[in-house]
Amino acid sequence: MSAAELFPTQEIGSLARPLWQLQGQRGARLTPAARAEFEQWNRRLEFADPDDPRVRAFLDGGSTSTPTGLVRDWGAQFAIRFLETAGLTRVYDGEARRVEMYEHAVRQMGGFQLLGHVRSFDNKYYLKGAVTGEVRLEHPYDLEEFGFVQAHTHAVPKLPVTGPYTIVDWSFNEYYLKRQAAWMGRDARQRARREFVVDVARKAIRPTLAAMIERGCRVIQVDEPAAGTHPQEADLVVEGFNAATEGLDAEFAMHICFSDYRSLFPALLEAKRCRQWAWEFANRDTEDHDAYAMLALLREFGDTRQVGLGVLDVHRDVIETPETVQDRIERASRVLGDPARIWVNPDCGLRTRSLEVAYQKLRNMVEGARRARTARSGPGSGPR
Amino acid sequence: MEVHTSLTGPFPRSEALVRATRDLDRGRTDEAAVDRLYRSTGDELLGIEDRFQLAPQTGGYLTWADLFRPFAMNWSGFEVGPVTRWFETNTFYRQPILHAPPERVAGSLAPWFPAARASVPAHRAKAALPGPFTFAGMLDNRSGETPEALVHRLGRLLAGEVGELRGLGYRTFQFQEPLLVTRPPVGPAAESTIAAYRSIAEAAGDATSLVWTYFGDAQPALPLLGRLPVSAVGVDLAETEPTSLGRFPPGRGLGFGCLDPRTTLVEDPQEAAARVTAAVDLARPTEVWLGPGGPLDLLPWDAAVRKLAALPATRALLAPNGGSA
């Protein structure tokens, strides 16, 4: 479908990496399960030519000689086809080449040292680093990754980029804190955080976005899952976003999740170049709690931007039915009063779900969006 | 004045445990293997606690997914709910959903506490539990009980746990109460919190009971904290100005969070001791507890261990005679 129709769909970011990719990247011989996984998904998605001698060699146990870069390419092609076949309007590569959104970003920048794993929740962790020197960037990053997606998708590519505030909030601040006269006070911590955010935005992210746009990237999602962590710093989230996008022309979105969105207003209104809020809702939508009622706050503040509507809970294996998705879209439409502003997406990246669960969820999401569109009896005006 | 040093609650999982629990989720290992690693890592941490003279010991509460999970899984009335942000951190908990007035299930929680999880006898271990105010405030209450009644009820239920754990030999109980300082209760909410702690105090008897606050400036809550019938109240020195503690009533115990779990920079014992001394000179506490300003599980394992050295060093500056100042 085209984005000019109601309720276009998009992903938010990461997908789980297939077993064959993980084993292939390690240079390990593929296990029978990994081989079967490759073959089964390839029958469904046709992401690799089964007659390609390199594919045959890979599957026949010769993965130790398959270059890691080629395995990553197949991983990216797999994810692109996975999302396209699920029927999404906008796709990327499931972040197939990225270790994890934070670690990937700070590995591209100078000044960081990765220290060890910190638990996010349950048995989910991320590798956390400290900034031990001034943030710097040798070269814009992810250009090849974007180029590959651009060359291999029939859909519109949407680039996910970890935002400056999230990078700062997820890092231990040593360098900028130690530059303060005394580091144990609250005021010193705040000054140090601001310097850190602005440096990441200006010295690392903006040059990267500028290079991406020069190569034809038109849709960019700045991921700020940490935005709601310290509501009193909402202005710093915006300052980082504005510094990272200053003078750039693209369709920018800001992804925030698991946050009290109300606490970020009115500060978020100042993110002038942001055209879409892509937010999580489904995780907190229950029989006796309508999570989409929260959208009323946009009306309260007169904010008319697009909304990337989270309709899939990425932390549970329960597959949302098309009816559930449709119901969520319709409730959001009623609150917003303008269905044309709605894009439909998962709450967040589906990386924590198995591929099969993620695929079924996405298929149902696309079907639910289609039903919601049909129920509106014909195409309305497209998203602005 | 006695000076004690002890951990505040959950410690980070080691890198080996991180790998093992990930593998468990991915079906690459089994629960028995991960359980063995939990125990050996808990024992390793006991060794570290010994090395840094931290007592009573904790074993790190490594199996707890979050502060409320054992309760939400084992008490009646609860459902383990959605992933929800844990205060102003990049960590999350599954918010318990309370569908009906909760009830204890006797014997269900003891396996979660240190003596059951690591090689430490109960009398040398610290039982760390959610405080009733934080517990009530952080769950999704659909039970029909008012917030005040819920705090009161949770106090009675936690008192039941204290009684049961005392029977198993535990002598020190710490209640985690970040919400008391990030959103201090007033009026009926404050009174119900005090009533909840009265229930707990009755159950605790002559055991040591601590309320530990963190993530917020304790100053606005000091009048309430001073009324809680517990052995000592802990405050986070990264958030609370030591000089504000002059408002804390004299003749009570005080705890000081000297290590900031939100930074990998290692605290200077001289500076930490100076901040504690400034507060002690004003508040004249009967006993002093030194610990992290909140659970250290916001740090990677190695960084957390590095910071621990500041605790005995600070204690040595405050109490050169080895425990008594």
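You'll find the structure just up there.
Predicted, not measured: the structure shown is a model, and the values here were computed from it.

### Comments concerning the overall build of chain A
So, point 1. Looking only at helices and strands, chain A features 13 helices and 10 strands.
So, point 2. Computed over the C-alpha atoms, the radius of gyration of chain A is 21 Å, within 12% of the 21 Å expected from 2.2 N^0.38 for a compact globule of 384 residues.
So, point 3. Per-residue burial over chain A gives 62% buried out of 384 residues.
So, point 4. Mean positive and mean negative side-chain charge positions of chain A (52 and 54 charges, respectively) differ by 1 Å.

### Details of the overall build of chain B
So, point 1. Scanning chain B from N- to C-terminus turns up 12 helices and 10 strands.
So, point 2. Here chain B has a C-alpha radius of gyration of 19 Å; the compact-globule value for 325 residues is 20 Å, and the two agree.
So, point 3. Across chain B, contacts joining residues at least 24 apart in sequence account for 74% of those joining residues at least 6 apart.
So, point 4. Total accessible area on chain B is roughly 11,100 Å²; 52% of this is exposed by carbon and sulfur atoms.
So, point 5. Within chain B, one finds 31 positive and 36 negative side-chain charges whose respective centroids are separated by 1 Å.

### A closer look at the environment of L6 of chain A
Residues and elements named next belong to chain A.
So, point 1. One can find L6 in the segment before α1 (19-25).
So, point 2. Relative accessible area serves as the criterion here: at 4%, L6 is assigned to the buried category.
So, point 3. Taking C-alpha positions, L6 is 17 Å from R275, a pair spaced 269 residues apart along the chain.

### So, the packing of helix α6 (residues 147-167) of chain B against helix α8 (residues 188-204) of chain B
Each pair of packed helices can be described by the angle between their axes along with the distance between the axes.
All names here are of chain B.
So, point 1. Taken N-terminus to C-terminus, the directions of α6 and α8 make an angle of 15 degrees; their axes are 8 Å apart at the nearest point. With respect to each other, α6 and α8 are oriented roughly parallel. In the crossing of α6 with α8, the sense of the turn from one axis to the other is right-handed. Residues E148, V151, H152, G155, R156, L158, A159, V162, G163 and R166 of α6 pack against P188, A189, S192, T193, A195, A196, S199, I200, A203 and A204 of α8.
So, point 2. In terms of residue class, the contact of α6 with α8 is built from 11 nonpolar, 6 polar and 3 charged.

### Section: the interface of chain B and chain A
So, point 1. With 42 residues of chain B at the contact, the number on the chain A side is 41 residues.
So, point 2. Buried surface at the junction of chain B and chain A, summed over both partners, amounts to about 3,600 Å²; 45% is from carbon and sulfur atoms.
So, point 3. Its largest share of buried area at the contact with chain A, chain B owes to E88, N90 and L265 of chain B, together 18% of the area lost on that side.
So, point 4. At the junction of chain B with chain A, the criterion picks out 5 salt bridges.
So, point 5. Between D122 of chain A and R94 of chain B there is a salt bridge, and its shortest N-O distance comes to 2.9 Å.
So, point 6. Taken together, the links from chain B to chain A amount to 25 residue pairs in polar contact (both at pLDDT 80 or more).
So, point 7. Among the secondary structure elements, those contributing two or more residues to the side of chain B that touches chain A are α1 (15-25), β2 (76-85), β3 (92-103) and α10 (269-283) of chain B.
So, point 8. It is α1 of chain B that contributes the most residues to the side of chain B that touches chain A, 6 residues altogether.

### Comments concerning the pattern of salt bridges
So, point 1. What the rule picks out here adds up to 54 salt bridges over all chains.
So, point 2. Through salt bridges with shared partners, a single ionic network connects R189 of chain A together with D236, E239, D260 and R262 of chain B.

### Notes on the state of the cysteines
All names here are of chain A.
So, point 1. Applying the stated criterion across every chain, the model contains 0 disulfides over all chains.
So, point 2. Here C217 is not cross-linked by a disulfide; its sulfur's nearest cysteine counterpart is in C274, at 15 Å.
So, point 3. Judged by its relative accessible area of 0%, C217 falls in the buried class.
So, point 4. C274 takes part in no disulfide bond, and the closest cysteine sulfur to it belongs to C257, at a distance of 14 Å.

### Some thoughts on the nonpolar core
Soluble, globular proteins show a tendency: their nonpolar side chains are buried together.
Residue and element names in this part refer to chain A.
So, point 1. Grouped together as the largest cluster of nonpolar side chains are 121 residues, with contacts concentrated most on W20, F82, M109, I220, L295 and L309.
So, point 2. Per element, the largest residue contribution to this core is 11 residues, and it comes from helix α9 (residues 186-214).
So, point 3. Beyond its immediate sequence surroundings of up to four residues, L309 is in contact with W279, F281, Y292, L295, R328, I329, A332, I342, W343, V344 and N345.

### Digging into the sheet that holds strand β8 (residues 274-279) of chain A
All names here are of chain A.
So, point 1. Pairing is parallel in the open sheet, where 7 strands are placed in the order β1-β4-β6-β7-β8-β9-β10. The strands lining the two open edges of the sheet, one partner per strand, are β1 (90-91) and β10 (342-346).
So, point 2. Sheet topology places β1 next to strand β4 (residues 156-162); 2 bridges connect them, and they run parallel. Pairing of V91 across the sheet is with P157, part of β4.
So, point 3. Lying on the sheet, helix α10 (residues 234-245) is in contact with β6 (219-223), β7 (251-256) and β8; it crosses β7 at an angle near 150 degrees.

### Observations concerning the packing of aromatic side chains
So, point 1. According to the stated counting rule, one finds 49 aromatic pairs over all chains in the structure shown.
So, point 2. Where Y102 of chain A meets Y126 of chain A, the ring centres are 5.9 Å apart and the plane angle is 85 degrees; that geometry is what we call edge-to-face. Here Y102 of chain A, found in helix α5 (residues 101-108), pairs with Y126 of chain A, found in strand β3 (residues 124-136); they are 24 residues apart in sequence, far enough to count as distant.
So, point 3. Y102 of chain A sits in the buried class, given a relative accessible area of 0%.
So, point 4. Take Y126 of chain A: its relative accessible area is 5%, and that puts it in the buried class.
So, point 5. Arranged with centres 6.1 Å apart and planes meeting at 70 degrees, the rings of W64 of chain B and F71 of chain B form a pair that is edge-to-face. Take W64 of chain B and F71 of chain B: they sit in the same class, and that class is buried.
So, point 6. For the cation-ring pair, R90 of chain A lies above W343 of chain A, with the distance from its terminal atom to the ring centre recorded as 3.9 Å.

### What about the sheet that holds β2 of chain B?
All names here are of chain B.
So, point 1. Within the open sheet, the 3 strands sit side by side as β2-β3-β5. Their pairing is mixed. The open sheet is flanked by β2 and β5 (140-141), the only strands paired with a single partner.
So, point 2. The sheet contact formed by β3 and β5 spans 2 bridges and is parallel. The partner of I97 across the bridge, within β5, is D140.
So, point 3. Each of β3 and β5 is contacted by α6, which is oriented at about 90 degrees to β3, the strand it contacts most.

### What to know about unusual backbone geometry
So, point 1. In this model, F265 of chain A is joined to P266 of chain A through a cis peptide bond whose omega is 10 degrees.
So, point 2. Relative to the helices and strands, P266 of chain A resides in the loop between β7 and β8.
So, point 3. The omega torsion of the bond from A55 of chain B to P56 of chain B falls at 0 degrees, within 30 degrees of zero and hence cis.
So, point 4. By the element assignment, P56 of chain B lies in the loop between α2 (31-51) and α3 (69-74).
So, point 5. At D142 of chain A, a residue that is not glycine, the phi angle is positive and equals roughly 70 degrees.
So, point 6. Structurally, the position occupied by D142 of chain A is in the loop between β3 and α6 (143-152).
So, point 7. Using a relative accessible area of 13% as the deciding quantity, one classes D142 of chain A as buried.
So, point 8. At Q53 of chain B, a position not held by glycine, the phi torsion is positive, near 55 degrees.
So, point 9. Its location among the elements puts Q53 of chain B in the loop between α2 and α3.
So, point 10. Take Q53 of chain B: its relative accessible area is 45%, and that puts it in the partly exposed class.

Criteria and thresholds
Residues numbered from 1 in each chain as written. Chains lettered and ligands numbered in written order. Predicted model: local features only at pLDDT ≥ 70, side-chain atom pairs only at ≥ 80, totals over all residues. Heavy atoms only, no water. Helix = DSSP H or I, 4+ residues; strand = E, 2+ residues; numbered from the N terminus. Rg over C-alpha atoms; globule rule 2.2 N^0.38 Å. Buried < 20%, exposed > 50% of the residue type's maximum accessible area, 1.4 Å probe, protein only. Lys, Arg positive; Asp, Glu negative; His and termini not counted. Charge placed at Lys NZ, Arg CZ, Asp CG, Glu CD. Contact = heavy atoms within 4.5 Å. Areas by Shrake-Rupley, 256 points an atom, 1.4 Å probe, with all protein chains shown as cover. Axes fitted to C-alpha atoms, helices over the stretch in contact; angles between N-to-C directions. Parallel < 35°, antiparallel > 145°, perpendicular 65-115°, else oblique. Left-handed = near helix turned anticlockwise from the far one by under 90°. Nonpolar A, V, L, I, M, F, W, Y, C, P; charged D, E, K, R; others polar. Buried area = accessible area lost by both parts, 1.4 Å probe. Salt bridge = Lys/Arg side-chain N within 4 Å of Asp/Glu carboxyl O. Polar contact = N/O pair within 3.5 Å; in protein donor to acceptor, adjacent residues only side chain to side chain. Disulfide = S-S within 2.5 Å. Core = buried A, V, L, I, M, F, W, Y, C linked by side-chain atoms within 4.5 Å. Pairing = 2+ DSSP bridges. Phe/Tyr/Trp six-rings, centres within 6.5 Å; stacked < 30°, edge-to-face > 60°. Lys NZ or Arg CZ within 6 Å of the ring centre and 35° of its normal.

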